[in-house]
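# Structural description and commentary
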Amino acid sequence: MNIAIFTPGQNPYSETFIQAHKRYLKDQVFYYYGGKGHIRLEGTGSLVSKTKQWQYRINRKLHRYPNSYINEQAVLASLKSHAIDVILVEYGTHAYNLLNLLQASGLSVVVHFHGYDASVEAVVKKCGNYKAVFTLASKVMAVSKSMEQMLLELGCPREKLIYNVYGPQPDFETVKASFTKKQFIGIGRFTDKKAPYYTLMAFKEVATQHPDAKLLLAGEGVLKNMCQNLVTQYGLEAQVEFLGVITPEEYRALLSESLAFVQHSITATNGDMEGTPLAVLEASVAGLPVIASMHAGIPDVIIHGKTGLLCEEHDVGTMSENMLKLLDDIVFAKQLGLAGKAHIKSHYTMERHIRVLQEVLEQASKA
């Protein structure tokens, strides 16, 4: 089976789940990236020969086709030349933007939603509530129970909808949590739905009672400067460190010595929500307890009181109490961590995620 994966951009650092699809799907994968009219195929200089490009240019001028016509025809020719059997489109928005191309290909299409594309009200409305996408798609994939419900309410046929939460990279299973430091670690983009300022607000009370505790926050984003200002205002410069973008190897090293993973995700004012945060799965399978909010797919994979400690969105006080519980009871922290590792390895592995996706693609290719 030859699989074409379509994504809006090439290898964004925060989209490791898409890189996993490229890496672990067992068949031949062709990776097409870029927006409508600007799609390229990774590993090639050009989609088609210069002769074909000139033919498309002439046709566009003769028939006054839109500018995207040249690239669209090149993509269709490329799909045909590589004998593509099925298309996997990452993000519902991308599928909507490429509807004409996808229809013209005549191939079965699987659309994978990931987060904002199913939850931001303005985005969903702009995409016509995905009616045309649901009609076109052979299958539609959701990564959390709440996302599954949202897509059903938008009109996605039940028989087309597949729940398939992400799986952490297998390397995270090998992490041995030592709990050697009174250190909390969080990683993710500094955006509204991840609400890093709430994590800082919760840590403020923790820092008062445990002056030797530390909070490490990795990632970049529009709210980072605001969070840095908040640290200055609270006088927490010695206890809070901003790491910037870190590698998976660096993340695993930090997990191995930390006390817990922390993240206070919320539904943003525009409706934006997480899918199921991959960093949560990675931290849990590494053997760390997860302190987070009951948001989107987090309570799907973290069992409150057994593999982590959860609070309601915006409940900074309870999050602070949860952090203090682990600082005051290292034995309890280790129990949560061990249970979390076992739970993720039993139910949410990368192997399971890819197996489900593989089966869906195989079924779609035969439809």
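Here the structure is shown first, and the text comes after it.
For the structure given in this document, a descriptive report is provided here. All values derive from a computational prediction rather than experimental measurement.

### What to know about the pairing of strand β5 (residues 108-112)
The buried count for β5 comes to five of five residues, which makes it a mostly enclosed element. Residue alternation in β5 divides its side chains into two sets, S108, V110 and H112 and V109 and V111, and both sets are buried. As judged from the five bridges shared by strand β4 (residues 86-90) and β5, these two strands associate in the parallel manner. Its bridge partner lying in β5, V89 is registered against V111.

### Digging into the nonpolar core
Of all hydrophobic cores here, the largest spans 94 residues; its most connected members are F6 and L151. Not counting residues up to four positions away in its chain, the partners in contact with F6 are Y32, I39, V75, L79, I87, L88, V89, E90, H94, L98 and L101. If you look at the next biggest cluster of nonpolar residues, it comprises 35 residues, including Y198, L236, I291 and M319.

### Focus on the environment of P289
Positionally, P289 belongs in the loop between α13 (278-285) and β12 (290-293). Classification of P289 by relative accessible area gives buried; the value is 0%. In contact with P289, not counting residues within four places along its chain, are F179, L259, A260, F261, T307, L326, A333, L336 and G337.

### So, the packing of helix α1 (residues 16-24) against helix α17 (residues 350-366)
Their axes nearest at 11 Å, the elements α1 and α17 cross at an angle of 70°. Overall, the two elements α1 and α17 adopt an arrangement that is roughly perpendicular. Contacts from A20, H21 and Y24 of α1 reach α17 at M350, H353, I354 and L357. Here the contact of α1 with α17 is composed, by residue class, of five nonpolar, two polar and no charged.

### Regarding the sheet that holds strand β10 (residues 240-244)
Strand order in the open sheet made by the six strands is β10-β9-β8-β11-β12-β13, with parallel pairing throughout. The sheet is open, and its two edges are formed by β10 and β13 (308-311), each paired on a single side. Sheet twist, expressed as the average angle between the axes of neighbouring strands with direction ignored, equals 20°. Pairing analysis gives four bridges linking β12 to β13, with the strands arranged parallel.

Scoring rules and cut-offs
Residues numbered from 1 in each chain as written. Predicted model: local features only at pLDDT ≥ 70, side-chain atom pairs only at ≥ 80, totals over all residues. Heavy atoms only, no water. Buried < 20%, exposed > 50% of the residue type's maximum accessible area, 1.4 Å probe, protein only. Helix = DSSP H or I, 4+ residues; strand = E, 2+ residues; numbered from the N terminus. Pairing = 2+ DSSP bridges. Core = buried A, V, L, I, M, F, W, Y, C linked by side-chain atoms within 4.5 Å. Contact = heavy atoms within 4.5 Å. Axes fitted to C-alpha atoms, helices over the stretch in contact; angles between N-to-C directions. Parallel < 35°, antiparallel > 145°, perpendicular 65-115°, else oblique. Nonpolar A, V, L, I, M, F, W, Y, C, P; charged D, E, K, R; others polar.

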